[in-house]
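# Breakdown of the fold
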Amino acid sequence: MHRYAQGGGGINSLTAISELQGASDYTGERVDLVYLDVSNPNPLVMEGLRRLGFVESFHFWRRDMPTNVVLKYEDDRIILKGHELRRQSPFDTDGERVKPYIEGSRALLINGAKDSQYVELWMQIAQQYKVPVLSAITPSLPWSFVYETILPNSEVVVLNYEDLAESRGLKTAPDLDSKTLSQAYMAHALETLEEIRSKNPEKDVYITLGSNGVYCSSKEGIFHVTLNQDYVGRVAYTSNGNPGAGDYFFGAVGFLEATRIGLSIIEKAKKGSEIALRHIGYWGPLDFHVQEVSRSTLIPT
């Protein structure tokens, strides 16, 4: 038994924003969204956008949309990725074609980007029109480009601790058990976050940690937001294994960063975590624990 479903960072984040705006307790302003994609339009994705109702899309028609296979295995999943995509460079006219969609926007959210030159083009246009850029970073872009281009030019950055370890080439012993490996990833994430913060102390940076919560950094400090232990088992029991929780987190946090300027980074991290947990199937009550952390702090796991 199998089924086809739309996915990918952009679609998942748009869906998160749609659900956040459609929630019965949402009292903020509603915004229209534009979906930009280097790939050709895919019927499944276009149908998903249509169901969201308020999303306009623009495609650059540079390649077929990639397809991955997600296999559920016990309480986990295995993702079989398609072949590595050839990176594309913008045509001379692409800047003028996309400019009307970025000009006047509340924010530009970049998620799952694979083509560094397109990212640079979008960022240049955003800077020209003073549109804040919020970026979710994956291993699809080399860390040197992330560090030299994305970090300095993004107001908000979201990373995942496993992706971060892959991007930076973290070396670990091959026989580590899952808990020890997770602790190594967390220590590396905190080290990276402190390094970023030393050069950009006022930038909002989030590093998602899977079931270990999220690190978030702002001018107030670095904080670890995680579920209280009483709720961890409940979430694990009801998890449906859906991929894309990090994309949902980014969509929610990005939306709140762009529309709720006065909300603290801790409250945004909590809301992003809530949206991500709803995506994987948990709809019960939630309670979070917050701790200010540094590398000299004992990191709760």
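Residues numbered from 1 in each chain as written. Predicted model: local features only at pLDDT ≥ 70, side-chain atom pairs only at ≥ 80, totals over all residues. Heavy atoms only, no water.

All right, on to the packing of aromatic side chains then. In total, this model carries eight aromatic pairs according to the counting rule given. Aromatic side chains Phe 58 and Phe 60 sit 5.0 Å apart centroid to centroid with 90° between the ring planes, which places their arrangement in the edge-to-face category. Aromatic pair Phe 58 and Tyr 101: ring centres 5.1 Å apart, planes at 40°, arrangement tilted. On the criterion of sequence distance, the pair formed by Phe 58 in strand 2 (residues 55-59) and Tyr 101 in helix 3 (residues 94-102) is long-range, its members being 43 residues apart. Given a relative accessible area of 24%, Tyr 101 falls into the partly exposed group. For the cation-ring pair, Arg 62 lies above Phe 91, with the distance from its terminal atom to the ring centre recorded as 3.9 Å. The ring of Tyr 231 has Arg 234 sitting right over it, with the charged end atom 4.4 Å from the ring centre. (Phe/Tyr/Trp six-rings, centres within 6.5 Å; stacked < 30°, edge-to-face > 60°. Helix = DSSP H or I, 4+ residues; strand = E, 2+ residues; numbered from the N terminus. Buried < 20%, exposed > 50% of the residue type's maximum accessible area, 1.4 Å probe, protein only. Lys NZ or Arg CZ within 6 Å of the ring centre and 35° of its normal.)

Turning our eyes to something else, we now look at the packing of helix 9 (residues 245-259) against helix 10 (residues 265-279). The axes of two packed helices give the description: the angle between them and the distance between them. Two elements in contact, helix 9 and helix 10, have axes whose closest approach is 8 Å; the angle formed by their N-to-C orientations is 145°. Crossing angle aside, the handedness with which helix 9 passes helix 10 is right-handed. Facing Ala 245, Tyr 248, Phe 249, Ala 252, Val 253, Leu 256 and Glu 257 of helix 9, the residues of helix 10 in contact are Lys 268, Ala 269, Lys 271, Gly 272, Ser 273, Ile 275, Ala 276 and His 279. Of the residues in the contact of helix 9 with helix 10, the class split is nine nonpolar, three polar and three charged. (Axes fitted to C-alpha atoms, helices over the stretch in contact; angles between N-to-C directions. Left-handed = near helix turned anticlockwise from the far one by under 90°. Contact = heavy atoms within 4.5 Å. Nonpolar A, V, L, I, M, F, W, Y, C, P; charged D, E, K, R; others polar.)

What follows is about the sheet that holds strand 9 (residues 214-218). If you walk across this open sheet you meet the seven strands as 5-6-7-8-9-10-11, and the pairing is mixed. The open sheet is flanked by strand 5 (108-111) and strand 11 (288-292), the only strands paired with a single partner. Shown here is a sheet whose adjacent strand axes are inclined to one another by a mean of 15°, direction ignored. Taken together, the three bridges between strand 6 (residues 133-136) and strand 7 (residues 156-160) define a ladder with parallel strand orientation. The residue of strand 7 that forms the bridge with Ser 135 is Val 157. (Pairing = 2+ DSSP bridges.)

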